[in-house]
Amino acid sequence: MMNKFCKFSKLQATKGNGDQLLKLLLKASKELEPVGNCFCYIVGMDPHEPDAIYVYDVWKNEAAHNDSLKLPAVRNLIEAAGPILDRLLA
């Protein structure tokens, strides 16, 4: 049996910026499609919480996840999300 590293996070955008954060995270999902150690990166939202975005991701292991945070495209998306991110509830 092979263990995986899974994360489920709730990211809270500043008021009125949920759609912008959603777009950034959907772009991140596309950027991670060719990454072999990422098995899924699912982004969703609750219509009753328009500024909250949920992310579920599965990786080969925790190191693979940490390595993804160093990819230039991912770094750029993290920097773009910073100003509109209110908090991360992991």
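Scroll up to find the structure this text is about.
Procedures and definitions
- Residues numbered from 1 in each chain as written.
- Predicted model: local features only at pLDDT ≥ 70, side-chain atom pairs only at ≥ 80, totals over all residues.
- Heavy atoms only, no water.
- Helix = DSSP H or I, 4+ residues; strand = E, 2+ residues; numbered from the N terminus.
- Rg over C-alpha atoms; globule rule 2.2 N^0.38 Å.
- Buried < 20%, exposed > 50% of the residue type's maximum accessible area, 1.4 Å probe, protein only.
- Contact = heavy atoms within 4.5 Å.
- Areas by Shrake-Rupley, 256 points an atom, 1.4 Å probe, with all protein chains shown as cover.
- Lys, Arg positive; Asp, Glu negative; His and termini not counted.
- Charge placed at Lys NZ, Arg CZ, Asp CG, Glu CD.
- Arc of directions from axis to C-beta.
- Core = buried A, V, L, I, M, F, W, Y, C linked by side-chain atoms within 4.5 Å.

Regarding the overall build of the chain
Here's step 1: When its secondary structure is counted, the chain shows three helices and four strands.
Here's step 2: Its helices and strands in sequence order give the chain the pattern β-α-β-β-α-α-β, from N to C terminus.
Here's step 3: The C-alpha atoms of the chain give a radius of gyration of 13 Å, which matches the 12 Å a tight globule of 90 residues would have.
Here's step 4: Across its three principal directions, the C-alpha atoms of the chain cover 40 × 25 × 20 Å.
Here's step 5: The buried share of the chain, taken over its 90 residues, is 36%.
Here's step 6: Of the contacts formed within the chain by residues at least 6 apart in sequence, a portion of 66% connects residues at least 24 apart.
Here's step 7: Accessible area of the chain: about 5800 Å², with a carbon and sulfur share of 57%.
Here's step 8: Seen as two clouds, the 11 positive and the 11 negative side-chain charges of the chain have centres 3 Å apart.

Some thoughts on helix α3 (residues 72–81)
Here's step 1: Of the residues making up α3, those classed as buried are V74, L77 and A81. Projected down its long axis, α3 carries its buried residues within an arc of 60°, all on one side. The outward face of α3, more than 90 degrees from its buried face, is lined by the exposed residues P72, N76 and E79.

Overview of the nonpolar core
Here's step 1: In this structure, L21, L25, Y41 and V43 are the most contacted members of the largest nonpolar core, which totals 20 residues.
Here's step 2: Where this core is concerned, the elements lending two or more residues are β1 (5–13), α1 (18–32), β2 (38–46), β3 (49–59) and α3.
Here's step 3: Per-element tally for this core: the top contributor is α1, with six residues.

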